[in-house]
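# Remarks on the overall topology
Chain residues, written in single-letter form:
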Amino acid sequence: MNDNRIVERLNRCFEYVQSQDIRIMEVCGTHTRVISKSGIRYLIPKEVMLLSGPGCPVCVTPETYIDMALEILNLEDVILVTFGDMIKVKGTCFSLSDKQAQGSKVTVVYSPEDALTIAAKNKDKLIIFLAVGFETTAPLIAVTVKLSNERGLDNLVFLTALKRMEPAIRFILQDERSKVNAMICPGHVASIKGADHFRFITEEFGIPAVVCGFESQDIAAGICVMLEQLTGKGHIEFVNLYKRCVSFSGNTIAQCMINEVFAIADGAWRGIGIIRNSALVLNDKYEHLDAVKRFGIKIERYSSPVNCLCSEILLGLKLPYQCSLFGSVCTPEHPSGPCMVSSEGACAAHFRYGGDRKNG
Amino acid sequence: MCLAVPARIVTIDEIHAWVETMGVRQRVNIQLIDSPKPGDYILVHAGFAIEKIDPEHFRFLNDTLYEMFEGTENE
Amino acid sequence: MDEKIKLSHGDGGSDTQRLIKNVFYKYFNDSIPNAMPDSFVFEVGQGKHAYTTDSFVVKPLFFRGGNIGKLAVCGTINDLVTAGAIPLFLSVGFVIEEGFSTEKLHIIAKSMRDVCKQTGAKIVTGDTKVVERGSADGIFINTSGIGLVSELYNSRRAVPGDEIIITGGIAEHGTSILIDRYELGIKTELESDCTPMCCLVNGLGENLKHVKQMKDPTRGGLATALNEIALEQGVDVELNEQSVPVKSEVHGISDILGIDPLYLACEGRMLIVVEKGCGEKVLHHIKALDYCDEAQIIGRFTSGHLGIVYMKTFIGGKSIIPMLEGQMLPRIC
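Calculation rules
- Residues numbered from 1 in each chain as written.
- Chains lettered and ligands numbered in written order.
- Predicted model: local features only at pLDDT ≥ 70, side-chain atom pairs only at ≥ 80, totals over all residues.
- Heavy atoms only, no water.
- Helix = DSSP H or I, 4+ residues; strand = E, 2+ residues; numbered from the N terminus.
- Buried < 20%, exposed > 50% of the residue type's maximum accessible area, 1.4 Å probe, protein only.
- Contact = heavy atoms within 4.5 Å.
- Areas by Shrake-Rupley, 256 points an atom, 1.4 Å probe, with all protein chains shown as cover.
- Core = buried A, V, L, I, M, F, W, Y, C linked by side-chain atoms within 4.5 Å.
- Buried area = accessible area lost by both parts, 1.4 Å probe.
- Salt bridge = Lys/Arg side-chain N within 4 Å of Asp/Glu carboxyl O.
- Polar contact = N/O pair within 3.5 Å; in protein donor to acceptor, adjacent residues only side chain to side chain.
- Phe/Tyr/Trp six-rings, centres within 6.5 Å; stacked < 30°, edge-to-face > 60°.
- Pairing = 2+ DSSP bridges.
- Axes fitted to C-alpha atoms, helices over the stretch in contact; angles between N-to-C directions.
- Nonpolar A, V, L, I, M, F, W, Y, C, P; charged D, E, K, R; others polar.
- Parallel < 35°, antiparallel > 145°, perpendicular 65-115°, else oblique.
- Left-handed = near helix turned anticlockwise from the far one by under 90°.
- Disulfide = S-S within 2.5 Å.
- Expected span 1.5 Å × (residues − 1).
- Arc of directions from axis to C-beta.

To continue, consider the overall build of chain B. Helix and strand content of chain B: two helices and five strands. In chain B, which comprises 75 residues, the share counted as buried stands at 55%. Within chain B, contacts between residues separated by at least 24 positions form 30% of all contacts whose residues are at least 6 apart in sequence. Counting only carbon and sulfur atoms, one obtains 48% of the accessible surface of chain B, whose full area is about 3,200 Å².

Laid out in structure tokens, this is it:
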């Protein structure tokens, strides 16, 4: 495998990196995971810090959402259908797997379409699908909602916590404390929304931004391009290095599907709080399929856990090891905060795959 | 945040297709793809095809990366 | 018609006798033609013996490339192999849920017999219990085994420089189980690697002298097994990502589901620690054995004494490989 070209050029950039700290943020959990697992941190100097932003839907889903799901499980004849990611995420006190151990019916699926099959097979039961994800997953949920409606499956409802990436990135870059010097853009959100969707990062905030794929070489190439821009070897511009899967304007069918089924609303982000216009909720036409409306659940106000630095870590202000809970109270087995919940959360990835202390 | 893998469409069955990734076939929903055809390369996320992959850019994934990457040098 | 197992099949009366006669004697009578005794009597003789037990509760009971019966026999045989032992005698205990299919029981017993035939191990005693519907999930099996330890095998501590061999592609059992457990609508030729590994003791001959330790990477996969070895020995392990054999189908499925093959179980592979400098020589002999043609040297013990496992990655980086925490589930992110 000829990775040398990238690694060699990456090494050359390090000569230009003087003593200044450079903070590169990625806002996609899968990027976090690849960075950790491929040991890229080992290849870069300590001045270059790779930070993990709020890019994992599981991590940023608030405790109150899990609490709602747990409350619904108290009803009779209910099957809760979810992606595997959500199983061990703790609500205020308990997770879905805790509830499963008590006898509640929780089914893990790979595709949202499986919820349709389960609903059709269990007409006498109520099926709740936990619809989490960013704009990559939202179109899939939209298709599932429409198919469910067309097929008259009135025993299937959706508990949504779908998020939009762009408001979260703005939220980070607008924060005066933000020390982010460059941004690796989420490749698969870009597949749907188009590379252009992230151009604002460079145009409005004047920092390098690169749309990256998910091989370790993709990320190494992205880091290299951004370092060259930051050290004056290239001018600062927006670059798409993931052209094989990301076009300029994205997947328009998928975008239409999102617009047809969802409306934009304010969203609660675990560890951060409310970000304006950052959520996708079922629109008027489909609100009869919304679990919150169907059950008249009261949504509680969101507040983040005590002593947990997740908010600062997600914002790139702190590193996992700087949190007093990290590795002691808070581990992947017993996660206190969002960054430890998903295997791609900044803390969990760091706990699993290690990396230079300085680099978090 | 979003796990997706490249695959090639083998056969199409209305809103679904059998697609192949590294010797593994799976059935995915193709409603989000514009005029899918057998032989097309697509990106699969959670049982759905979410975007076509440009065959020019597909080949071995890295070739394109190297080309683009080298295109950014000396700009 | 497929007769269902009833509670009376476990009460020791005539139904029990019939079940034992029709199913278990039919397959397990090689060594004891007429009756399986409550106790099997044998002479211990010369040499060292290894003795082990394991219980099997796999779901699904039937998976691509095997079933719970095959797994129960292979598992115990492979545990004996890790001690450098040739399996001699096995016991088997069945806990069957009321309503279980007799036809399925036949298939399970037959595949247990087939593995025994292949390896020369004999099932010499057994027990059957039937529990009420809902008290078990189909069938549970416990096996125990006694084996004769090869005189050539001398288990000892690893030191820096010792090499680590895996006898074949990883994660094939774990991946197969995942596909069937989550009804993923995936079509693939991939099968579980569930296999008895006796050939390592029988077939390595004098080369067994160079082997310092063996471990079967079952639950928790290669990563967990390597961590256990590193911790036990108090020596760091360096794993070379590029040389770990992973079938393309395993890659495909683990990419689709977002699961790391390093953590998925093998049921017919062995991790072998070989003394420094003998890796290539031993590998050459291992590759000639049954089911071992994909064997590779995947890493070595290094000078660190923290007992950690790290991996030299494709791109030239370094990452720590911890033990498995929690359950592996398909994920979207």
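From this point, the discussion proceeds with the structure in view.
For the rest of this paragraph, the subject is the nonpolar core. In globular proteins that are soluble, nonpolar side chains generally tend to be buried together. Judged by nonpolar contacts, the single largest core of 170 residues is most densely connected at Phe-129, Leu-159, Phe-198, Ile-201 and Phe-262 of chain A together with Leu-222 of chain C. Setting aside chain neighbours within four positions, we find Phe-198 of chain A in contact with Met-165, Ile-169, Cys-185, Pro-186, Val-189, Ala-190 and Phe-238 of chain A. Among the nonpolar cores identified, the runner-up in size contains 57 residues, and Phe-56, Cys-194, Cys-199 and Ile-272 of chain C belong to it.

The interface of chain C with chain A comprises 25 residues on the first partner and 34 residues on the second. Carbon and sulfur atoms supply 61% of the area buried between chain C and chain A, which totals about 2,400 Å² over both sides. When the buried surface of chain C facing chain A is broken down by residue, Ile-315, Glu-325 and Ile-332 of chain C rank first, second and third, together holding 30% of it. Where chain C touches chain A, the interface holds one salt bridge. The salt bridge involving Asp-260 of chain C is made with Lys-37 of chain A; its shortest N-O contact spans 3.0 Å. Summed over the shared surface of chain C and chain A, the result is six residue pairs in polar contact (both at pLDDT 80 or more).

Take the pattern of salt bridges next. According to the stated counting rule, one finds 30 salt bridges over all chains in the structure shown. Salt bridges sharing partners connect three or more residues here, namely Arg-164, Glu-166, Arg-170 and Glu-204 of chain A.

Take the packing of aromatic side chains next. All names here are of chain A. Summed over the entire model, instances satisfying the criterion amount to 11 aromatic pairs over all chains. Ring geometry for Phe-83 versus Phe-129: centroids 5.5 Å apart, planes at 85°, classification edge-to-face. Taken together, the residues span a long stretch of sequence, with Phe-83 in strand 3 (residues 78-83) and Phe-129 in strand 5 (residues 126-133) at a distance of 46 residues. Measuring from ring centre to ring centre gives 5.8 Å for Phe-214 and Tyr-242, while their planes differ by 75°; the resulting arrangement is edge-to-face. Of this pair, Phe-214 sits in the loop between strand 8 (209-211) and helix 11 (216-230) while Tyr-242 sits in the loop between strand 9 (238-240) and helix 12 (252-261), and the two are 28 residues apart along the sequence. Three or more aromatic residues joined by ring pairs form one cluster here, namely Phe-83, Phe-129 and Phe-158.

The next subject is unusual backbone geometry. What is expected of a backbone is that most residues other than glycine have negative phi and most peptide bonds are trans. Following Lys-59 of chain C, the chain continues into Pro-60 of chain C via a peptide bond in cis, with omega recorded as 0°. Within the fold, Pro-60 of chain C resides in the loop between strand 1 (49-56) and strand 2 (62-63). With a phi close to 35°, Ser-35 of chain B is a non-glycine residue in the positive phi region. Within the secondary structure layout, Ser-35 of chain B lies in the loop between strand 3 (24-29) and strand 4 (41-45). Residue class for Ser-35 of chain B comes out partly exposed when judged on its relative accessible area of 46%. Of note in this structure, Ala-171 of chain C is not a glycine but carries a positive phi near 70°. Along the polypeptide, Ala-171 of chain C turns up in the loop between strand 7 (163-166) and helix 4 (172-181). Owing to a relative accessible area of 0%, Ala-171 of chain C belongs among the buried residues under this scheme.

What follows is about the sheet that holds strand 4 (residues 85-97) of chain C. All names here are of chain C. Taken in spatial order, the four strands of this open sheet run 1-6-4-5, and their pairing is mixed. The strands lining the two open edges of the sheet, one partner per strand, are strand 1 and strand 5 (122-131). Direction aside, neighbouring strands of the sheet carry axes that sit 15° apart on average. Examined bridge by bridge, strand 1 and strand 6 (residues 139-149) share eight bridges and lie antiparallel to one another. Bridging from a neighbouring strand, Thr-52 pairs with Gly-145 of strand 6.

Once that is clear, we can look at the interface of chain A and chain B. Every contact between the two is made by 56 residues of chain A and, on the other side, 33 residues of chain B. The largest contributions to the chain A side of the interface with chain B come from Arg-9, Tyr-110 and Arg-244 of chain A, which together make up 19% of the buried area. Inspection of the chain A/chain B interface yields zero salt bridges. The interface formed by chain A and chain B holds nine residue pairs in polar contact (both at pLDDT 80 or more) in total. Within the side of chain A that touches chain B, the residues separate by chemical class into 28 nonpolar, 16 polar and 12 charged.

The next thing to look at is the packing of helix 1 (residues 4-16) of chain A against helix 11 of chain A. Residues and elements named next belong to chain A. Two numbers describe how helix 1 lies on helix 11: the axes approach to 9 Å, and their chain directions differ by 30°. Classified by the angle between their axes, helix 1 and helix 11 sit roughly parallel to one another. Between helix 1 and helix 11 lies a crossing whose hand is left-handed. On helix 11, the residues that touch Ile-6, Arg-9, Leu-10, Cys-13 and Phe-14 of helix 1 are Gln-217, Ala-220, Ala-221, Ile-223, Cys-224, Val-225, Leu-227 and Glu-228. Grouping the amino acids of the contact of helix 1 with helix 11 by side-chain chemistry returns 10 nonpolar, one polar and two charged.

Counting across every chain of the model gives zero disulfides over all chains. For the unlinked cysteine Cys-224 of chain A, the closest cysteine sulfur is that of Cys-13 of chain A, found at 3.5 Å. No disulfide involves Cys-194 of chain C; its sulfur sits 3.9 Å from that of Cys-74 of chain C, the nearest cysteine. On the basis of relative accessibility, which here comes to 3%, the residue Cys-194 of chain C falls in the buried class.

All names here are of chain A. Given a rise of 1.5 Å per residue, 13 residues ought to cover 18 Å, and the 19 Å separating the end C-alpha atoms of helix 1 matches this to within 8%. Along helix 1, the residues classified as buried are Ile-6, Val-7, Arg-9, Leu-10, Cys-13 and Phe-14. Buried residues of helix 1 fall within an arc of 165° about the axis and therefore sit on the same side.

All names here are of chain A. Ordered by their spatial adjacency, six strands build an open sheet running 4-3-5-6-11-10, and the pairing between neighbours is mixed. Only two strands of the sheet have a single partner each, and these edge strands are strand 4 (106-109) and strand 10 (262-269). Across this sheet, the average inter-strand angle for adjacent strands is 25°, counted without regard to direction. With seven bridges connecting them, strand 5 and strand 6 (residues 156-163) associate as parallel partners. Bridging across to strand 6, Val-132 finds its partner in Ala-161. The sheet contacts of helix 6 (residues 113-121) involve strand 3, strand 4, strand 5 and strand 6, and relative to strand 5 the element is tilted by about 175°.

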